[in-house]
Amino acid sequence: MKKNYGEKVGMVGAWVAALLLMGGCGYNRVGLSGDLPNYKESPQPYIAADAYRGSGPDGAAQLRHRVVLVGDAGAIRSAAPIIEKIGQWSDPLAERATVVYLGDNLYPDGLEGPGHTAGKEILDLQLSASSVQRILIPGNHDWAQGHALGWQYNKRQEDYVEAAGALYAPEEGCPGPVVKVLTAGGDGAAVVLVILDTQWWLQRRGWQPYYIADEGWYDTCGAVDEDVVIDELERVLERYRDDHVLVLGHHPLASSSRHGGYEKQRGKDLLYWL
């Protein structure tokens, strides 16, 4: 009996060791649709060959509008180099530039209360990084990571941001789409932002008991199911089909980084699987 037990333990240990070694190699690749850019079997993000990489607004005379996109700034500090870059890329263009923060504007759980001084300081850094039009989009952390009172935390951040003269979109915890036309068509295609609150899709589905405190918050949005949102998004895209349209939200629809399934595996895959 003891011998058999020892053999079984040894076999289990060998399997665990083998799985850990297997998990420690390479990336966990996901299948990508043929409609997506060619990622060349690499976990690195796709960047267009002519993407802007400068330090200032060179070629500004040829720009219709510059949209500066900043993601996950919720733990930003005053010494962060990105703060200076945001101003360099946007301020010289004045009304021809917009800075958009793409959610997770405040870690870990959004603006938790009126006395959340540290949170307000982080938002102030984002808002003061540029003098041009600023737009903040909610992310899951702004919704208290999907837990109870997420709607209240998100609404508190919305009120604070808009009191500072910036735009928070979509408002009231609604999904959108919110349309923001940055340039008129005139002699060419317009530049149009179509903004979604992607956390709405996750928050309203809910895992009890976290959502009970927010029950019914989405009833006033006019979009109480996903089909309504998708239908409206399709109408908006059709309306602006001849313009330059950027559809913005927090969660990636396709990503070659961590949230798209690309991540070094060092044994934790086994823990997730268990």
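Further up the page is the structure itself.
Given the structure is predicted, the values throughout are model-derived calculations rather than measurements. (Residues numbered from 1 in each chain as written. Predicted model: local features only at pLDDT ≥ 70, side-chain atom pairs only at ≥ 80, totals over all residues. Heavy atoms only, no water.)

(A) Representation of the overall build of the chain in the model. Scanning the chain for helices and strands turns up 7 helices and 7 strands. Its helices and strands taken in sequence order, the chain reads α-β-α-β-α-β-α-β-β-β-α-α-β-α from the N to the C terminus. For the chain, buried positions account for 37% of its 274 residues. When the accessible surface of the chain is totalled, it reaches about 16,100 Å², and 56% of it is carbon and sulfur. (Helix = DSSP H or I, 4+ residues; strand = E, 2+ residues; numbered from the N terminus. Buried < 20%, exposed > 50% of the residue type's maximum accessible area, 1.4 Å probe, protein only. Areas by Shrake-Rupley, 256 points an atom, 1.4 Å probe, with all protein chains shown as cover.)

(B) Structural detail: helix H6 (residues 226-239). An ideal rise of 1.5 Å per residue puts 20 Å on 14 residues; H6 measures up with 20 Å between its terminal C-alpha atoms. Of the residues making up H6, those classed as buried are Glu 226, Val 229, Leu 233 and Val 236. On an axial view of H6, the arc spanned by its buried residues comes to 90°, and they lie on one face. Turned more than 90 degrees away from the buried face of H6, the exposed residues are Asp 227, Arg 235 and Arg 239. Tucked into the core, H6 has its buried residues touching strand S5 (178-183), strand S6 (191-195) and helix H5 (199-203). (Expected span 1.5 Å × (residues − 1). Arc of directions from axis to C-beta. Contact = heavy atoms within 4.5 Å.)

(C) Spatial organisation of unusual backbone geometry. At the junction of Tyr 107 and Pro 108, the peptide bond is cis and its omega measures out at -5° in the coordinates. Among the structural elements, Pro 108 can be located in the loop between strand S2 (97-101) and helix H3 (117-128). With an omega of 5°, the peptide bond running from Gly 176 to Pro 177 counts as cis. Mapped onto the elements, Pro 177 comes out in the loop between strand S4 (167-168) and S5.

(D) The arrangement of the pairing of S6 in detail. The buried fraction of S6 amounts to 5 of the 5 residues, a majority that puts the element mostly inside the structure. Burial of S6 is two-sided: the residues Val 191, Leu 193 and Ile 195 facing one way and the residues Val 192 and Val 194 facing the other way are all buried. Bridge analysis of S5 against S6 gives 5 bridges, and the strand direction is antiparallel. If you follow Lys 180 over to S6, its bridge partner there is Leu 193. Pairing of S6 with strand S7 (residues 244-248), which is carried by 5 bridges, proceeds in the parallel orientation. Of the residues in S7, the one forming a bridge with Ile 195 is Leu 248. (Pairing = 2+ DSSP bridges.)

(E) Looking closely at H3. The terminal C-alpha atoms of H3 lie 16 Å apart, and with 12 residues this matches the ideal 16 Å at 1.5 Å per residue to within 8%. Taken together, the buried positions of H3 are occupied by Gly 119, Ile 122, Leu 123, Gln 126 and Leu 127. Looking down the long axis of H3, one finds its buried residues gathered within 140° of arc, a one-sided arrangement. Buried positions along H3 lie against S2, strand S3 (133-136) and helix H4 (150-163).

(F) Highlighting the pairing of strand S1 (residues 66-70). Of the two faces of S1, only the one carrying Arg 66, Val 68 and Val 70 is buried; Val 67 and Leu 69 on the other face are not. The sheet contact formed by S1 and S2 spans 5 bridges and is parallel. Bridged to Val 68 within S2 is Val 99. Between the parallel pair S1 and S2, the chain is carried across by helix H2 (residues 81-90), and the sense of this crossover is right-handed. (Right-handed = clockwise from strand over helix to strand, strands pointing away.)

(G) The arrangement of the sheet that holds S6 in detail. Pairing in this open sheet of 3 strands is mixed, and the strands run S5-S6-S7 from one edge to the other. Each edge of the sheet is formed by a strand with only one pairing partner; in this case those strands are S5 and S7. Neighbouring strand axes in the sheet, compared pairwise and without regard to direction, differ in orientation by 20° on average. (Axes fitted to C-alpha atoms, helices over the stretch in contact; angles between N-to-C directions.)

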